[in-house]
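# Understanding the architecture of this molecule
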Amino acid sequence: MPTDEELIEGCAKEDRHMQYQLYQKYSGQMYAICLRYCKMQQEAEDVLQEGFVKVFNHIKTFRKESSLFYWIKRIVINTALNHQRNKLYMYPMVDVAELRQPSANHDMLAGLQLEDLMGMIQDLPSGCQTIFNLYAIEGYKHHEIAELLGVTEGTSKSQYARAKQLLQEKLEKLESTNYGSRR
Amino acid sequence: MEAADNNEFFESQWRQAFDGASVPPSPMVWERVEARLATQKEGKYRKAIFYYRWAAAAMTTVAVGLGVALLLNGTSSLVENEIAGNTKENVVNSQAAQSPELRDMKMENEVASTTSTLTEDDKPEFYQKDTKPFLAVATIGNSGSEAIRQVATPIDETSASEENMFDVAIPSVTGIFSSERLASNLSKLEVNHLYGVVRPMQRKKKELGDQPLLAGLGVGSGTFNPNYGFRSGGNLFASASTDEASLVAENSGELKTNDFNAANGLVGAASSRTYNESNAQGGTFSFGASIGKRIFRKILVHTGLQYGRYNSNGSTNLVLNDESNDKRYALNQVSLLSDDILNVFSSSQYSYDGERTKITNTYEFISVPVKVGVILLDRRAGIVLNTGVSNEFLLGSVIKGKDLEDVRTKSGDRSPYRSVYLNGTLGLEVNYAINSHYKVVVEPYYRQAITSLTKNTDGYASAPRLWGVQAGVRYELR
């Protein structure tokens with residue numbers, strides 16, 4: 001497998017073989033990100049495709065200020081957000097009422113498969129799903145999310161709280177089901 | 001505090017769960033990415049080729065136009081009003097030259113000064129105007145670049161299997177058809193994805209030894225300017241007086257151009273009796289053949305052999321009448337050394353004619369250009385920047401004019417011309433592949449003399465320059 005430097009150089013020359021190598025190297029991780037931001041597999045594939053086309057078209061401008069992985073990840077997330085923006089336009093996010101804070105502090109995700117977690121995130125409402133991904137997993141701050149999505153910081157916070165509550169409920173339900181089945 | 005800890009714990013759980021998560025996407029995603037990239041690239045090429053085609057068409061039109069203009073206009077030139085303003089001067093024959101009365105009358109009409117260093121104001125009007133440029137050169141459509149055609153040539157199976165990236169869809173396609181034969185035919189046609197987009201071409205890397213030899217034939221036309229001038233930078237100026245006949249006769253066979261120059265006092269200066277070939281542009285025509293080879297991916301070298309006739313248009317009122325044979329000869333520094341003129345001087349029956357007459361000095365050259373081409377575009381349409389040197393071997397020159405005998409001068413020891421002079425050349429070639437072997441080539445170019453066409457002992461120099469367009473056909477021996 002070529003190094004990142006070789007991949008960048010080859011892709012800048014539009015060498016199809018190197019483009020394929022780069023795709024092979026990063027497409028799995030990027031597809032996992034796309035799945036988190038999308039509802040369906042087909043939609044995630046569209047985002048992945050569009051993201052990699054952007055990567056290959058703009059790789060000449062990559063200034064190596066960060067690692068190639070994070071540069072590609074940023075492009076893929078931005079592409080996913082662009083897809084989400086269309087949905088957010090149709091179903092705008094609003095503040096939700098004060099929610100009950102989840103009390104569980106033990107590791108509720110232990111024993112769950114990646115696809116189970118992915119399914120839970122995909123089941124969230126679009127606005128909640130995007131903000132949960134950005135805040136909980138990518139590590140963005142609420143004011144950054146607000147700027148990124150064109151919503152207020154309060155909306156971001158309340159949508160995140162809503163996402164968290166929905167996930168807690170799902171996890172608790174799953175836990176009780178598992179407990180019941182074990183018993 | 002506890003709530004904050006709970007929040008952080010919750011988020012870190014999810015972050016860890018997805019840290020390094022990887023889900024292999026469907027192979028079709030890459031097919032679609034590849035198809036998108038190919039479509040974009042094809043769009044870029046189409047745009048570029050559109051402009052290059054127009055550029056090639058425009059250059060061809062210019063070249064053909066110049067050629068047609070050359071044919072229609074012949075080799076005449078000179079502005080008519082330059083001729084119209086001149087009056088016919090009295091004939092001064094060799095007997096009259098001996099007459100003191102006539103000589104005195106003549107001297108009164110001539111400029112008193114015998115120096116050749118004239119200021120701009122001192123120069124006759126004739127020298128302060130540029131003569132109108134004429135037509136056209138021809139050269140050979142030599143050398144050039146090799147373009148890789150953008151036809152969708154299938155990659156060979158070895159490279160395809162090595163690349164291991166295009167064949168993913170083949171099984172699914174072949175599986176649709178019950179006939180193995182049909183499936184294998186489809187495989188050959190490389191219908192290996194389902195998106196209806198032409199599969200991106202894999203350009204086969206060429207080894208240097210694979211690069212073809214190039215051979216070309218071409219013609220060209222343009223404008224030629226001998227660009228005469230004293231080495232100090234002034235225009236060529238020559239004059240004659242009634243003394244000249246005897247001087248010439250006395251020095252028959254030994255004349256140098258300086259003998260004809262007013263500066264050395266051998267001849268009287270007469271501003272109305274001049275020969276001017278400075279800034280006298282004329283048409284050119286040439287043809288030839290070339291060969292070349294690409295030595296690196298973006299570099300090719302080429303050379304060739306071409307014959308060219310370069311015209312320089314001017315006027316003179318130094319016309320020598322051979323009265324015994326009723327023939328007239330145009331005089332200038334060159335023609336004075338020709339055998340034809342020396343024969344007239346050897347007889348006693350000659351006179352000078354002061355009527356200004358249009359003349360054309362036609363130089364014949366064999367050129368051997370050696371050029372290096374930098375390939376700027378290497379597609380079906382190609383662009384090559386050519387630069388190099390060109391040796392011009394002089395075959396001779398002929399001065400022609402209406403009712404004048406041809407005065408021929410060859411290169412050699414007695415000639416004021418060098419046998420060969422060196423040019424620097426710069427051209428921009430546009431080529432277009434009409435099939436796998438033939439290309440049409442059009443190249444506008446500029447040549448500037450590096451060494452003088454004339455011998456420096458003559459006191460003046462000529463640094464010819466030539467603008468032209470050459471067009472031709474090139475064959476690639478693959």
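Please refer to the structure placed before this passage.
Rules and cut-offs
Residues numbered from 1 in each chain as written. Chains lettered and ligands numbered in written order. Predicted model: local features only at pLDDT ≥ 70, side-chain atom pairs only at ≥ 80, totals over all residues. Helix = DSSP H or I, 4+ residues; strand = E, 2+ residues; numbered from the N terminus. Buried ≥ 20, exposed ≤ 12 C-beta atoms within 10 Å, placed from the backbone. Contact = placed C-beta atoms within 7 Å. Axes fitted to C-alpha atoms, helices over the stretch in contact; angles between N-to-C directions. Parallel < 35°, antiparallel > 145°, perpendicular 65-115°, else oblique. Left-handed = near helix turned anticlockwise from the far one by under 90°. Nonpolar A, V, L, I, M, F, W, Y, C, P; charged D, E, K, R; others polar.

## With respect to the overall build of chain B
If you tally the helices and strands in chain B, you get 11 helices and 16 strands. Looking at the 478 residues of chain B, the share that counts as buried comes to 38%. Intrachain contacts of chain B at a sequence separation of at least 6 include 80% that bridge at least 24 residues.

## Here we look at the overall build of chain A
Looking only at helices and strands, chain A features eight helices and zero strands. In chain A, the succession of α and β elements from N to C terminus is α-α-α-α-α-α-α-α. When each of the 183 residues of chain A is scored for burial, the buried share is 37%. For chain A, long-range pairs separated by at least 24 residues make up 66% of all intrachain contacts whose partners lie at least 6 apart in sequence.

## Digging into the packing of helix 1 (residues 4-12) of chain A against helix 2 (residues 16-37) of chain A
Residues and elements named next belong to chain A. Running from N to C, helix 1 and helix 2 cross one another at 135°; their axes reach a closest spacing of 8 Å. On the basis of their axis angle, the class for helix 1 and helix 2 is oblique. Regarding helix 1 and helix 2, the two cross each other, and that crossing is left-handed. For the pair formed by helix 1 and helix 2, the contact residues are Leu 7, Gly 10 and Cys 11 on the first element and Met 18, Gln 19, Gln 21 and Leu 22 on the second.

## Considerations on the interface of chain A and chain B
If you look at the interface, chain A gives 27 residues, while chain B gives 26 residues. Elements represented by at least two residues in the side of chain A that touches chain B include exactly helix 2, helix 3 (41-58), helix 5 (114-123) and helix 6 (126-137) of chain A. Ranked by residues supplied to the side of chain A that touches chain B, first place goes to helix 2 of chain A with 11 residues. Here the side of chain A that touches chain B is composed, by residue class, of 15 nonpolar, seven polar and five charged.

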